[in-house]
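Close look at the chain arrangement
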Amino acid sequence: RPAMLVVPGGGYQDCSDREGEPVALAYMAQGFNAFVLRYTADATTPIDKALQDGAAAMDYLRANAAELEIDPQQIAAVGFSAGGHLASTLGTHFDQQSRPNFMILFYPVISLTEMYTHQGSKINLLGDKSEDVNLIKYFSNDKQVSAQTPPTLLLLSDDDKSVPTVNSTLFYNQLKKYSIPASIYIFPSGGHG
């Protein structure tokens, strides 16, 4: 079966319960095998720990595909908010083994630049390096799209007060620049989450 790696949001401070198991169960009801990534999320850990957790989860799914009854070439990362940032980081920064085959990003944090980002996610991810321009650029995933970035579906609300919609539109435009299959749906209301 295809697999869904569900990556809850939580501003890189915690992992939202409502964006974890309930989402995985909904995918399972549709015939997917689903897994929830409970990544390291607090401002006291090294900035790459959550990302290492994500890469390790992808590696684990591929290495154990037969036992888990999943197709290792059909693994999607499904990320919400800061979890969308982590999922999009897997799709833009990692090698083929750790990269998902597809991404579904719900109201994702994409950019860490001052005028677009969700400040809490940025500060919790980068900690005392939250003003480092090189790290900000490196973890602004709209700037990291390449021909290897997987196809992506973006879902968000136009009235989101937490993560500006421009995060998704920047990412979508970069995906199109590289001719990567992508769709974006911006609903008029729904807020964040």
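Up top you'll find the structure we're talking about.
Below: a short report on this structure. (Residues numbered from 1 in each chain as written. Predicted model: local features only at pLDDT ≥ 70, side-chain atom pairs only at ≥ 80, totals over all residues. Heavy atoms only, no water.)

A word on the packing of aromatic side chains
The final tally for this structure, using the stated rule, is five aromatic pairs. Relative to Tyr39, the ring of Tyr12 lies with its centre 6.2 Å away and its plane at 70 degrees, an arrangement referred to as edge-to-face. Of this pair, Tyr12 sits in the loop between strand 1 (3–7) and helix 1 (21–29) while Tyr39 sits in the loop between strand 2 (33–36) and helix 2 (49–63), and the two are 27 residues apart along the sequence. Here Tyr12 and Tyr39 have matching classes, each one buried. Of the aromatic side chains, those joined through ring pairs into one cluster are Phe80, Phe106 and Tyr107. (Phe/Tyr/Trp six-rings, centres within 6.5 Å; stacked < 30°, edge-to-face > 60°. Helix = DSSP H or I, 4+ residues; strand = E, 2+ residues; numbered from the N terminus. Buried < 20%, exposed > 50% of the residue type's maximum accessible area, 1.4 Å probe, protein only.)

Here we look at the sheet that holds strand 2
Strand order in the open sheet formed by six strands is 2-1-3-4-5-6, and the pairing between neighbours is parallel. Strands at the two margins of the open sheet, each flanked by one partner only, are strand 2 and strand 6 (182–187). Taken over all neighbouring pairs, the strand axes of this sheet differ in orientation by 15 degrees on average, direction set aside. As judged from the five bridges shared by strand 3 (residues 75–80) and strand 4 (residues 102–106), these two strands associate in the parallel manner. (Pairing = 2+ DSSP bridges. Axes fitted to C-alpha atoms, helices over the stretch in contact; angles between N-to-C directions.)

Some words on the nonpolar core
Formed by 29 residues in total, the largest nonpolar core has its most connected members in Tyr12, Tyr39 and Leu86. Those elements giving two or more residues to this core turn out to be strand 1, helix 2, helix 3 (65–68), helix 4 (82–93), helix 5 (119–126) and helix 6 (133–138). When neighbours within four sequence positions are excluded, Tyr39 is seen to be in contact with Val7, Pro8, Gly9, Gly10, Tyr12, Asp14, Cys15, Ala50, Asp53, Ala82, Gly83 and Leu86. Core analysis: the second largest hydrophobic core is formed by 25 residues, Met4, Ala76, Val145 and Ala182 among them. (Core = buried A, V, L, I, M, F, W, Y, C linked by side-chain atoms within 4.5 Å. Contact = heavy atoms within 4.5 Å.)

Topic: the environment of Gly127
On the secondary structure map, Gly127 appears in the loop between helix 5 and helix 6. The sequence separation of Gly127 and Ile47 amounts to 80 residues, and the corresponding C-alpha distance is 7.1 Å.

As for helix 1
Restricting attention to buried positions, one finds in helix 1 the residues Val23, Ala24 and Tyr27. End-on view of helix 1: buried residues confined to an arc of 100 degrees, all on one side of the axis. Exposed residues on helix 1 whose side chains face more than 90 degrees from its buried face are Leu25 and Ala29. Here the buried face of helix 1 lies against strand 1, strand 2, strand 3 and strand 4. Immediately beyond the C-terminal end of helix 1, within one or two residues, lies Gly31, with a positive phi of roughly 100 degrees. (Arc of directions from axis to C-beta.)

Things to note about the pairing of strand 3
Strand 3 sits mainly inside the fold: six of its six residues count as buried. Alternating positions in strand 3 separate into two faces, Ile75, Ala77 and Gly79 on one and Ala76, Val78 and Phe80 on the other, with burial throughout. Across five bridges, strand 1 lies against strand 3 in parallel orientation. If you follow Leu5 over to strand 3, its bridge partner there is Ala77.

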